[in-house]
Amino acid sequence: ELEPIEGTTDAEASELRAKVALFLDIDSGLPGMKAGNWLETQGKKAMPFLLNGFVQHWNGDKWTTEADQWAAWQIQQTARKVIQATKMPSPLEARHNPRGENDPKLFQRAAKMWVAWWRGTGEKLTDFTPHPEDEE
């Protein structure tokens, strides 16, 4: 499990954990969508909490259920929005397909990639690179 970034208060960590749990609940509907949008606004502070969302899958069903695959897809999409245009070492994305044609190993690989990137590069960055359309 990843540690919060330096400067994250206990109150912030508690709120981030709660928002991630709500966001990754496949049945959360609009409140879950709003939690996801809020997480995007938290930037770098949200990243360890988002990536920790992979832990329950890693220790649980190993991405064999639709709910786990959907949650993993949400983590990846939101993490990419948070890091903006900062380059990732791999373009791999394990996409949720509600028809059930998903290989759990792709989700495991994506989780490993994200955590390795975070530990090796992401957590050391002070700022993520903005998308060109966001620059003035």
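Coordinates for the structure precede this section.
Residues numbered from 1 in each chain as written. Predicted model: local features only at pLDDT ≥ 70, side-chain atom pairs only at ≥ 80, totals over all residues. Heavy atoms only, no water.

Reported here for the largest pocket is a volume of approximately 270 Å³. Along the wall of the largest pocket there are 16 residues; nearest its centre are Val-20, Ala-21, Leu-24, Gly-53 and Gln-56. Contributing elements (two or more residues each) for the lining of the largest pocket: helix 1 (10-23), helix 3 (47-59) and helix 4 (66-83). Broken down by element, the residue count for the lining of the largest pocket peaks at six residues, all from helix 3. Here the residues of the lining of the largest pocket are counted per class, giving eight nonpolar, four polar and four charged. (1 Å grid on protein atoms, 1.4 Å probe; cavity = no way out; pocket = protein on both sides within 12 Å on 5 of 7 lines; lining within 4 Å. Points joined across faces, edges and corners; volume = space filled by probe spheres on them. Helix = DSSP H or I, 4+ residues; strand = E, 2+ residues; numbered from the N terminus. Nonpolar A, V, L, I, M, F, W, Y, C, P; charged D, E, K, R; others polar.)

Relative to the helices and strands, Gln-84 is located in the loop between helix 4 and helix 5 (104-120). On the basis of relative accessible area, Gln-84 is assigned to the partly exposed category, the value being 28%. (Buried < 20%, exposed > 50% of the residue type's maximum accessible area, 1.4 Å probe, protein only.)

Time to look at the pattern of salt bridges. The final tally for this structure, using the stated rule, is two salt bridges. Between Lys-45 and Glu-12 there is a salt bridge, with the nearest N and O atoms lying 2.9 Å from each other. Within this pair, whereas Lys-45 is found in the loop between helix 2 (29-41) and helix 3, its partner Glu-12 is found in helix 1, the two being separated by 33 residues in sequence. Since its relative accessible area comes to 28%, Glu-12 is described here as partly exposed. Lys-81 is paired through a salt bridge with Glu-40; the nearest N and O atoms lie 3.6 Å apart. Placement of the pair is Lys-81 in helix 4 and Glu-40 in helix 2, with a sequence separation of 41 residues. Owing to a relative accessible area of 48%, Lys-81 belongs among the partly exposed residues under this scheme. (Salt bridge = Lys/Arg side-chain N within 4 Å of Asp/Glu carboxyl O.)

As a further point, take the packing of aromatic side chains. Counted under the stated rule, the structure contains three aromatic pairs. An angle of 75 degrees between the planes, with centres 5.9 Å apart, marks the rings of Trp-58 and Trp-63 as edge-to-face. Trp-63 sits in the buried class, given a relative accessible area of 0%. The interplanar angle of 85 degrees and the centroid separation of 6.0 Å between the aromatic rings of Trp-114 and Trp-117 together place this pair among those described as edge-to-face. In this pair, Trp-114 and Trp-117 are both assigned in helix 5, three residues apart and thus about one turn of the helix distant. No difference in accessibility class separates Trp-114 from Trp-117, as the two residues are buried. A network of ring pairs unites the aromatic residues Trp-114, Trp-117 and Trp-118 as a single cluster. (Phe/Tyr/Trp six-rings, centres within 6.5 Å; stacked < 30°, edge-to-face > 60°.)

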